[in-house]
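Residue-level structure breakdown
Spelled out from the first residue to the last, the chains are:
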Amino acid sequence: MSGITGWVDWTRDLSRERSTVLAMTASMALRGPDDEGVWTGPRAALGHRHLAVFDPEGGRQPVALEHDGRTVAVAAHSGSILNHEELRSTLARRGHKFRTGGDTETLLHAYLEWGADCVARLEGTFAGVVWDARRAELFLVRDRLGVEPLLYFPTATGLVFGSEAKAILAHPLVPAEVDAEGLQEIFTYSGTPHVAPFRGMHRLRAGHHLTVSAEGTRLTRYWGVDAAEHTDDLDTTVDTVRGLLEESVERNLRTDAPVGSLLSGGLDSSGVVGLADRELRRSGRRVRTFTVDFARHAENFQATDTRQSPDAPYAADVVRHLDTDHTSVVIDPDELSDEVARWQVLRAKDYPTPLGDMNTSLYLLARAVSERDTKVVLTGEAADSLFHGVAWNRDPVESRMDTFPWVARGVVRDDAKGLGCGLFDSSLLGDLAPLEYAAGRYRESVAEAPHLPGMSDEEKHMRELCWVHLTNFMENQNGHTERLFKAVGLEVRMPYCDHRLVQYAYNLPWKLQNFDGREKSLLRAAVRHVLPQSVIERRKTPYPVTLDPGYEQSLRAEMTALLDDPQAPVLPLLDVAEVRRTLKDPEGLNRWARRANVELPLQLNTWLRRYGVRLVL
């Protein structure tokens, strides 16, 4: 992975704006610690930060092609085009000449050969840009599942784009403003595919490309799941899921850089580790695994219906079963309160999220992995979305509340007004109406879900739940993982995001998905052959949160200090009396969702102060 940014303008000579694009590019230095490149022309300027995972010596970007001393086209991209060698062979047979072994040059020549249709041939996770100097057109594309981010900001005379919001905000024409819709997105974790929290900024939707010219912009969907009848029996279905996942793991192991895999001891990550182990053993290698744990977690752990068991014993079972090259990253709760680490998290994400200490612990895990000679990391992301692993999908109330089920869970269990917004002023929440906003975005999303005629209500409902997880939930979760790992110069790869596997899984009937009455029945059967029995039998457990009382105490102290600071920018937005009641209540922060009500305002305060964000409400 890397980072891309740039600017097109139909009235300004951008060949004189190198310093502007350099500033935009420099803002993403952590995404690409290995190199930096900038190209400028009269109407376009592109910048790139490089993380070398293919052709470390020759993979410098942007890549330009010239003919008779004139620029034909220029390309840059972030992520990895995993089939670039196969495409390169095809293009070479068609007469294309290559100077490097990198996948960006393959993207450039694929565009010149097939135009916008080239995206149908690309495999992997990527966000790319091509400046077509022949037509004076900018071409932006994002991978099918949206693992790689790409945002853009239209101006009066052009467009600014970047892998991250910070690159766009570094442009002098782009104000750091957030309106009501931006706060509604933050307060609900809605993950609306085209909406960025900053006013006037947009996400390029997964599976879409955007063409920009002086005549305007043209947004095109090039991929999405389709409704199709599933005719395979149970055994064939299990074999097909296994085969598709094996192929995806093999492709995602392709790299010229050191690779590892996250391991939680849950089914999703353990399945990836088990299949990666089989693949690597063929060449005499061991899979490298990394697990996160908290100091004193075993003694502080309290089982709930959501988290019934700690991860460490199950991860240890996998390590013993496969003999992996393992590192356990143990985080002290004091590190979760570290001001520098929390700032790095906010800087990586560019805006607050209601995930609290899960943000910081994942960043600290990523940092530790990066310190152990690793550049590429495989994860188990998206398996829950494909195989209905999340508990709320199986809850008869939470899954039927006509809103995103992750929002419904907060309403049912904590009488929440949104996610992490329980301490904000009632008049603000009345104006923003987070729950109504989430419900509206949910209805928009499910209206897009593909269905077959004559489906039962249950079948249609489960398909809609899969859809909102593949689109809205993964828009957030992909960004959560990708940004935090990219902030320490690591490329994240998600084998479950293979588009062939996603297409097949989307159309699996619920009776097959649930054939033995447990979550992720098919996935359990598909990876049973590579995992210890303890992991196969383990119930779904989400990413861990700290239960150490010291972390709760630090949150109380920090919020108390905020109340005592009359210059705190978030203070006018809070219900101060309710904050004080919460801080006095010894049970006020005894659940993760209640802690989020303190953690999100603290993040928002830092964001408003240090990002210079102006609220437009």
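Scroll up a little and you will see the structure.
Now for a quick tour of the structure. No experiment lies behind these values; they were computed from the predicted model shown.

1. What about the pairing of strand β15 (residues 288–294)?
Most of β15 is tucked away: six of the seven residues are buried. Handedness of the crossover is the feature at issue here: the chain leaves strand β14 (residues 259–262), passes through helix α7 (residues 267–281), returns alongside β15, and the resulting connection is right-handed. Across seven bridges, the pairing between β15 and strand β16 (residues 325–331) is parallel. Pairing of threonine 289 across the sheet is with histidine 326, part of β16.

2. Topic: unusual backbone geometry
Following glutamine 61, the chain continues into proline 62 via a peptide bond in cis, with omega recorded as -10°. Residue position: proline 62 is located in the loop between β3 (44–50) and β4 (63–67). Within the chain, arginine 296 stands out as a residue other than glycine whose phi angle is a positive 65°. Locating arginine 296 in the fold gives a position in the loop between β15 and α8 (297–300). Its relative accessible area of 38% is what places arginine 296 among the partly exposed residues. With phi around 80°, aspartate 350 is a residue other than glycine that occupies positive phi space. Residue aspartate 350 is classed as buried on the basis of its relative accessible area of 1%.

3. Observations concerning the sheet that holds strand β18 (residues 491–493)
Strand order in this open sheet of five strands is β16-β15-β14-β17-β18, and the pairing throughout is parallel. A single partner strand is all that each edge strand has here, and the edge strands are β16 and β18. Within the sheet, the average angular offset between the axes of one strand and its neighbour, ignoring direction, is 30°. Relative to β15, β14 is paired through two bridges, and the arrangement is parallel. From the neighbouring strand, serine 261 faces β15, where its bridge partner is threonine 289. Where α7 meets the sheet, its contacts fall on β14, β15 and β17 (376–378), and the angle it forms with β14 comes to roughly 150°.

4. Points about the packing of aromatic side chains
Scanning the model with the defined rule gives 12 aromatic pairs in all. Measuring from centroid to centroid gives 5.3 Å for tyrosine 111 and phenylalanine 139, while their planes differ by 40°, and the two rings are tilted. With a gap of 28 residues between them, tyrosine 111 in helix α3 (residues 103–114) and phenylalanine 139 in strand β7 (residues 137–142) connect regions that are remote in the sequence. Note on phenylalanine 139: relative accessible area 3%, which makes it buried.

5. Topic: the environment of methionine 401
Along the chain, the position of methionine 401 falls in the loop between α13 (383–387) and α14 (405–414). Accessibility expressed as a relative area gives 32% for methionine 401, which makes it partly exposed. With 66 residues separating them along the chain, methionine 401 and tryptophan 467 place their C-alpha atoms 16 Å apart. Residue contacts for methionine 401: discarding those within four places in its chain leaves Ala408, Val411 and Val412.

What counts and what doesn't
- Per chain, the residues get numbers from 1 upward, laid out in the order the sequence is written.
- Whole-chain, interface and lining totals are the exception, using all residues; otherwise, since this is a predicted model, local features are given only for residues with pLDDT of at least 70 and side-chain atom pairs are given and counted only at 80 or more.
- For the side-chain quantities, the full set of heavy atoms in the structure was used; hydrogens and water were omitted.
- Here's how the labels work: a residue is buried when its accessible area is under 20% of the maximum for its type, exposed when over 50%, partly exposed in between, all with a 1.4 Å probe on protein chains only.
- Helix numbering and strand numbering both begin at the N terminus, where a helix is a DSSP run of H or I of at least 4 residues and a strand a DSSP run of E of at least 2.
- Classification remark: right-handed applies to a crossover when, strands pointing away from the viewer, the course from the first strand over the helix to the second runs clockwise.
- Any two strands with at least two DSSP-identified bridges between them are counted as paired.
- Every axis corresponds to a line fitted to the C-alpha atoms, with the helix fit spanning only the stretch in contact, and the corresponding angles, defined between N-to-C directions, vary from 0 to 180 degrees.
- Here, two residues are considered to be in contact whenever any of their heavy atoms come within 4.5 Å of each other.
- Working definition: rings of Phe, Tyr and Trp (its six-membered ring) pair if their centres are within 6.5 Å, and the pair is stacked with planes under 30 degrees apart, edge-to-face with planes over 60 apart, and tilted otherwise.

Remember, this is a structural readout, not a statement about activity or role.
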